[in-house]
Amino acid sequence: GAGVSQTPSNKVTEKGKYVELRCDPISGHTALYWYRQSLGQGPEFLIYFQGTGAADDSGLPNDRFFAVRPEGSVSTLKIQRTERGDSAVYLCASSLLGGANTGELFFGEGSRLTVL
Amino acid sequence: AQTVTQSQPEMSVQEAETVTLSCTYDTSENNYYLFWYKQPPSRQMILVIRQEAYKQQNATENRFSVNFQKAAKSFSLKISDSQLGDTAMYFCAFVSSNTGKLIFGQGTTLQVKP
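The text that follows walks through the structure, step by step, so that each part is easy to find. Given the structure is predicted, the values throughout are model-derived calculations rather than measurements.

What counts as what
- Residues numbered from 1 in each chain as written.
- Chains lettered and ligands numbered in written order.
- Predicted model: local features only at pLDDT ≥ 70, side-chain atom pairs only at ≥ 80, totals over all residues.
- Heavy atoms only, no water.
- Helix = DSSP H or I, 4+ residues; strand = E, 2+ residues; numbered from the N terminus.
- Rg over C-alpha atoms; globule rule 2.2 N^0.38 Å.
- Buried < 20%, exposed > 50% of the residue type's maximum accessible area, 1.4 Å probe, protein only.
- Contact = heavy atoms within 4.5 Å.
- Areas by Shrake-Rupley, 256 points an atom, 1.4 Å probe, with all protein chains shown as cover.
- Lys, Arg positive; Asp, Glu negative; His and termini not counted.
- Charge placed at Lys NZ, Arg CZ, Asp CG, Glu CD.
- Disulfide = S-S within 2.5 Å.
- Salt bridge = Lys/Arg side-chain N within 4 Å of Asp/Glu carboxyl O.
- Polar contact = N/O pair within 3.5 Å; in protein donor to acceptor, adjacent residues only side chain to side chain.
- Nonpolar A, V, L, I, M, F, W, Y, C, P; charged D, E, K, R; others polar.
- Pairing = 2+ DSSP bridges.
- Axes fitted to C-alpha atoms, helices over the stretch in contact; angles between N-to-C directions.
- Phe/Tyr/Trp six-rings, centres within 6.5 Å; stacked < 30°, edge-to-face > 60°.
- Core = buried A, V, L, I, M, F, W, Y, C linked by side-chain atoms within 4.5 Å.

Some points on the overall build of chain A
So, step 1. When helices and strands are tallied, chain A shows 0 helices and 11 strands.
So, step 2. Along the chain direction, N to C, the helices and strands of chain A fall in the order β-β-β-β-β-β-β-β-β-β-β.
So, step 3. Here the C-alpha radius of gyration of chain A, 13 Å, is about what a compact globule of 116 residues would show, namely 13 Å.
So, step 4. With the C-alpha coordinates of chain A rotated into their principal frame, the extents come out at 40 × 25 × 25 Å.
So, step 5. Per-residue burial for chain A yields a buried fraction of 47% across its 116 residues.
So, step 6. Long-range pairs, those at least 24 residues apart, make up 55% of the contacts in chain A with a sequence separation of at least 6.
So, step 7. When the accessible area of chain A is evaluated, it comes to approximately 5300 Å², of which 48% is carbon and sulfur surface.
So, step 8. For chain A, the distance from the average position of its 11 positive side-chain charges to the average position of its 12 negative side-chain charges is 8 Å.

Considerations on the state of the cysteines
All names here are of chain B.
So, step 1. The full count for this structure, using the stated rule, is 2 disulfides over all chains.
So, step 2. A sulfur-sulfur distance of 2.0 Å marks the disulfide that ties Cys-23 to Cys-92. Its S-S torsion of approximately -70 degrees makes the covalent link between Cys-23 and Cys-92 left-handed. Here Cys-23, found in the loop between strand E3 (19-21) and strand E4 (24-26), pairs with Cys-92, found in strand E10 (residues 88-96); they are 69 residues apart in sequence, far enough to count as distant. For the pair Cys-23 and Cys-92, a shared accessibility class is recorded, and that class is buried.

Notes on the interface of chain A and chain B
So, step 1. Facing the 26 residues of chain A at the interface are 21 residues of chain B.
So, step 2. Viewed at the interface, chain B and chain A are joined by 1 salt bridge.
So, step 3. Of the charged contacts in the structure, one is a salt bridge between Asp-56 of chain A and Lys-101 of chain B, with a shortest N-O distance of 4.0 Å.
So, step 4. If you look at where chain A meets chain B, you find 5 residue pairs in polar contact (both at pLDDT 80 or more).
So, step 5. Looking at the side of chain A that touches chain B, the element that brings in the most residues is strand E4 (residues 31-37) of chain A, giving 3 residues.
So, step 6. Residues of the side of chain A that touches chain B, tallied by class, amount to 10 nonpolar, 12 polar and 4 charged.

Some points on the pattern of salt bridges
Residue and element names in this part refer to chain A.
So, step 1. Using the criterion set out here, one finds 9 salt bridges over all chains in the structure.
So, step 2. Put simply, Arg-36 and Glu-44 hold a salt bridge, and the shortest N to O gap is 3.3 Å.
So, step 3. For Arg-64, the salt bridge is made with Asp-86, and the minimal N-O distance between the two is 2.8 Å. Of this pair, Arg-64 sits in the loop between strand E6 (53-56) and strand E7 (65-68) while Asp-86 is found in the loop between strand E8 (75-79) and strand E9 (88-95), placing the two residues 22 residues apart along the sequence.
So, step 4. Residue classification places Asp-86 among the buried positions, given a relative accessible area of 3%.
So, step 5. Taken together, the shared-partner salt bridges connect Arg-64, Glu-83 and Asp-86 into one network.

A few points about the sheet that holds E8 of chain A
Residue and element names in this part refer to chain A.
So, step 1. The antiparallel open sheet is built from 4 strands, whose spatial order is E1-E3-E8-E7. Bordering the open sheet on either side are strand E1 (5-7) and E7, each of which pairs with just one other strand. Going across the sheet, the axis of each strand differs from the next one's by a mean of 15 degrees, ignoring polarity.
So, step 2. Inspection of the sheet shows strand E3 (residues 19-24) paired to E8 by 5 bridges, in the antiparallel sense. Looking at E8, one finds that Val-19 is bridged to Ile-79.

Concerning the packing of aromatic side chains
All names here are of chain A.
So, step 1. Tallied over the full model, the rule gives 15 aromatic pairs over all chains.
So, step 2. Centroid distance Tyr-35 to Phe-107: 6.2 Å. Interplanar angle 45 degrees. Geometry classified as tilted. Linking Tyr-35 in strand E4 with Phe-107 in strand E10 (residues 106-107), this pair joins segments that are 72 residues apart in sequence.
So, step 3. Under the relative-accessibility criterion, Tyr-35 is labelled buried at 0%.

A look at the nonpolar core
All names here are of chain B.
So, step 1. If you look at the biggest cluster of nonpolar residues, it comprises 26 residues, and the most contacted ones within it are Tyr-25, Trp-36, Phe-75, Leu-77 and Tyr-90.
So, step 2. Listing elements by their share of this core, those giving two or more residues are E3, strand E5 (32-39), strand E6 (46-52), strand E8 (64-69), strand E9 (74-79), E10 and strand E12 (108-113).
So, step 3. Tallying contributions element by element places E10 first for this core, with 4 residues.
So, step 4. Beyond its immediate chain neighbours, meaning those up to four positions away, Leu-77 contacts Val-19, Thr-20, Leu-21, Trp-36, Val-48, Ile-49, Phe-64, Ser-65, Val-66 and Tyr-90.

Next comes the structure, spelled out in structure tokens:
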């Protein structure tokens, strides 16, 4: 596609459930980022992939959060045993190169997660 | 650790006027990039302007320009001839050339009034 695509755009789940959020980056972009954004706040870094590997996962808040990018393209953010505090917009972004050559990040429209 | 601070939660400006949004950052590194991103109500982040730390010349992109003061670790955004479509949340962001991790400030909500 022409831009970064995220699905679902909205997800409502119950506390304790498992959720998956998907990100389809711009074709050819090697770097992929996940951010979490609470209402009225700046995006909070979660994890950054360079190709298939996680180059930096220091922002994942705890072991309930996990992300994969098995073929170096689509990425899935997985949240186990969701808590109400996980409610936020989860943003995905991709970049042509990433790392020391980080240029413009192209963002998706985000997935809004609501945990009841 | 790097941090980015935007001290103005909300700003407003009259259409056609000029407004400046402030941003300061903290880092011990010498090579990095600074960005301003715009986030309208649609949620999608859009790059406004970018500055490489090694460049002394301030970046300019049409009505948008920055005042980059490396010694003071300051990176303000000036919007000239403000338009109604400029209404959005604006984020200052920093990335180290060592890590590639983009860090955002808290954001400034800008309202352009007709």
